[in-house]
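In case you want the letters, here they are:
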2 protein chains.
Amino acid sequence: MPNPTAAALVIGDEILSGRTRDSNLHFLAGELARAGIDLREARIVADQPAAIIAAVNALRSVHDHLFTSGGIGPTHDDITADAVAAAFGVPVGVREDARALLAAHYAKTGLELNAARLRMARIPAGAQLIENPVSAAPGFSLGNVHVMAGVPAVFQAMVAGLLARLAGGTPLLTQSLTIPRGEGEIATPLAALAAEFADLAFGSYPFVRAGAYGATVVVRGTDGARIEAALLRLAALFPEALR
Amino acid sequence: MPNPTAAALVIGDEILSGRTRDSNLHFLAGELARAGIDLREARIVADQPAAIIAAVNALRSVHDHLFTSGGIGPTHDDITADAVAAAFGVPVGVREDARALLAAHYAKTGLELNAARLRMARIPAGAQLIENPVSAAPGFSLGNVHVMAGVPAVFQAMVAGLLARLAGGTPLLTQSLTIPRGEGEIATPLAALAAEFADLAFGSYPFVRAGAYGATVVVRGTDGARIEAALLRLAALFPEALR
């Protein structure tokens, strides 16, 4: 059975304005590779309802899963819950179990569960909560769309909890070989090897170190023995390579 | 006149597999903000022709500019020039001026301009070259699509050269205020201020430092005086804030 496919959607003006460098996508990509869920594409959109709705509907319809990051806090620019509800055409409102989570958290910290904070208990109808062990305010899964916070520590904790309950596939394995030659020297034999091992993905990533050109060849796939066979062939082609 | 709009497209399996953390998007976002070109969305796709073609056509049709990163080297996984040519329905082949740039570069470095390296002179018909002062192999602009390398040093040099010839707009200005209170405390007055200054964008980014909650409020816009007025109002609302 092929692995489930996925897309990621990062929501936030701060990424597109250059203020913040996103880290959630890189974290998610690594976790999904380990879980055997194939991340096929990612998008970054601004805090605007139309942009979020269009991206959610485009991505959820062609992938098994859509993971989103950002826009579920208490402030006016946190509009992801409303946009996802609109994308599905379902109502959104404060849900009792989400409110109870917040009430318990704020009782413990001595802060008031005011109207702004209560916004974080607004959950689209039919969604399942995603636990937030860091700061209580939950994410949610609505159908195949998994909505999580943008704060990296919270996002990471939510991903861990969520992946534990999603059906994964065969983990994506990666091996690499560093070859002290320019890409232009290795391109032709590498292309022939990639064509022969068509079930694997071959990437070539050039670098310059101490003025010398080199390339790291990365071989990815789900069959460890095939990857090993490809690596041995590659090492025989380029005996000076370092594993 | 409103600022030109833009999208970014990052092309590369290595980002989606979690191997590499993209840095080009963050660099581009900052440069475009300074140039007064509004980056509205970004996408990351795999090294697959159909995915690249679909993204190029979707993004170039709704934005003034599309900037791409990755996939223009000499190896088999470098398919961006072909995919962009296909998206426009134009032929692609080795172009004499691009070949001359490579020939001069390899003559200087003593390496052979072999068939693999010559792939980097394949340019879609009608394109304008983008200079690569780092390693010679050029990028290109085809219509409103600007195709650049994925290696960060080369990408950055190409962006610098390209932006010098694109018409920009009014730079996006940013000011921020750090407020030592949780987002839930500031959300209501902040929303009222954002509604009053509807020509500016207000973002709120929570953090925890030494166990205490705080939020950085970021105000963005093209009118420096308006941003200053908003900041002064914000500082009056939260006298303990730090600029």
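1. Let's talk about the relation of the copies chain B and chain A
Part 1: Overlaying chain B on chain A yields an RMSD of 0.0 Å, the required transformation being a rotation through 180° with an accompanying axial translation of 0.0 Å. On this basis, the relationship between the two copies can be described by a two-fold rotation axis. Relative to the rotation axis, the closest C-alpha in chain B is found at Arg43 of chain B, a distance of 2.1 Å.
Part 2: Taken as a fraction of all interface residues of chain B, those also at the interface in chain A reach 100%, which identifies the copy contact as same-surface.

2. Overview of the nonpolar core
Part 1: The biggest cluster of nonpolar side chains holds 110 residues, and the ones touching the most others in it are Leu9 and Val56 of chain A together with Leu9 and Val56 of chain B.
Part 2: For Leu9 of chain B, the residues in contact, after removing those within four places along its chain, are Arg43, Val45, Ala55, Val56, Leu59, Leu66 and Thr68 of chain B.

3. Let's talk about the interface of chain B and chain A
Part 1: At the junction of the two partners, chain B supplies 50 residues and chain A supplies 50 residues.
Part 2: The set of elements that each furnish at least two residues to the side of chain B that touches chain A consists of helix H1 (13-16), helix H2 (24-35), strand E2 (38-45), helix H6 (115-118), helix H8 (183-196), strand E10 (201-209) and strand E11 (212-221) of chain B.
Part 3: Here the residues of the side of chain B that touches chain A sort into 25 nonpolar, 14 polar and 11 charged.
Part 4: Two strands pair when backbone bridges link them, and strand E2 (residues 38-45) of chain A and E2 of chain B are joined in this way by 5 bridges, in the antiparallel orientation. The partner of Ile44 of chain A across the bridge, within E2 of chain B, is Ala42 of chain B.

4. Quick notes on the environment of Gly168 of chain A
Residues and elements named next belong to chain A.
Part 1: Structurally, Gly168 is set in the loop between helix H7 (152-163) and strand E9 (173-179).
Part 2: Once the C-alpha coordinates of Gly168 and Gly139 are considered, the two residues, 29 residues apart in sequence, prove to be 20 Å apart.
Part 3: Among residues more than four places away in sequence, those in contact with Gly168 are Ala35, Gly36 and Ile37.

5. A look at the sheet that holds E10 of chain B
All names here are of chain B.
Part 1: The 3 strands lie next to each other as E9-E11-E10, forming an open sheet whose pairing is antiparallel. Pairing within the sheet leaves two strands with one partner each, and these edge strands are strand E9 (173-179) and E10. For this sheet, the mean inter-axis angle between neighbouring strands, taken without regard to orientation, is 20°.
Part 2: Sheet analysis places E9 next to E11, joined by 7 bridges and oriented antiparallel. Along E11, the bridge assignment pairs Thr174 with Arg220.
Part 3: Seen against the sheet, H8 touches E9, E10 and E11 and runs at an angle of roughly 170° to E10.

6. Side note on the sheet that holds strand E10 (residues 201-209) of chain A
Strand pairing within a sheet occurs via backbone hydrogen bonds; the two strands may be parallel or antiparallel.
Residues and elements named next belong to chain A.
Part 1: One open sheet accounts for 3 strands, arranged E9-E11-E10; its pairing is antiparallel. Of all the strands in the sheet, the pair left with one neighbour each is E9 and E10. Between one strand axis and the next, the sheet turns by 20° as a mean value, whatever way the strands run.
Part 2: Examined bridge by bridge, E10 and strand E11 (residues 212-221) share 9 bridges and lie antiparallel to one another. When the sheet's bridge partners are listed, Ala201 is paired in E11 with Arg220.
Part 3: Running over the sheet, helix H8 (residues 183-196) touches E9, E10 and E11 and is turned about 170° from E10.

7. Concerning the domain arrangement of chain A
Part 1: Split by domain assignment, chain A resolves into domain 1 (5-163) and domain 2 (173-237).
Part 2: Between the C-alpha centres of domain 1 of chain A and domain 2 of chain A the distance comes to 37 Å.

8. As for unusual backbone geometry
Residue and element names in this part refer to chain B.
Part 1: The backbone phi angle of Ala136 is positive, close to 75°, even though this residue is not glycine.
Part 2: As for its position among the elements, Ala136 is in the loop between strand E6 (128-130) and strand E7 (139-142).
Part 3: For Ala136, a count of 20 C-beta atoms within 10 Å puts it in the buried group.
Part 4: Within the chain, Ala210 stands out as a residue other than glycine whose phi angle is a positive 50°.
Part 5: If you trace the backbone, Ala210 turns up in the loop between E10 and E11.

9. Comments concerning the packing of helix H3 (residues 49-60) of chain B against helix H4 (residues 80-88) of chain B
The axes of two packed helices give the description: the angle between them and the distance between them.
Residues and elements named next belong to chain B.
Part 1: At their nearest, the axes of H3 and H4 sit 9 Å apart, and the two run at 50° to each other. With respect to H4, the axis of H3 lies oblique. At the point where H3 passes H4, the crossing takes the right-handed sense. From H3, Pro49, Ile52, Ile53, Val56 and Asn57 reach across to H4, where they touch Thr80, Asp82, Ala83, Val84, Ala86 and Ala87.
Part 2: Considering only residue class, the contact of H3 with H4 consists of 8 nonpolar, 2 polar and 1 charged.

Conventions used here
- Residues numbered from 1 in each chain as written.
- Chains lettered and ligands numbered in written order.
- Predicted model: local features only at pLDDT ≥ 70, side-chain atom pairs only at ≥ 80, totals over all residues.
- Least-squares fit on C-alpha atoms with pLDDT ≥ 70 in both.
- Contact = placed C-beta atoms within 7 Å.
- Core = buried A, V, L, I, M, F, W, Y, C linked by C-beta atoms within 7 Å.
- Buried ≥ 20, exposed ≤ 12 C-beta atoms within 10 Å, placed from the backbone.
- Helix = DSSP H or I, 4+ residues; strand = E, 2+ residues; numbered from the N terminus.
- Nonpolar A, V, L, I, M, F, W, Y, C, P; charged D, E, K, R; others polar.
- Pairing = 2+ DSSP bridges.
- Axes fitted to C-alpha atoms, helices over the stretch in contact; angles between N-to-C directions.
- Domains from an automatic or database assignment.
- Parallel < 35°, antiparallel > 145°, perpendicular 65-115°, else oblique.
- Left-handed = near helix turned anticlockwise from the far one by under 90°.

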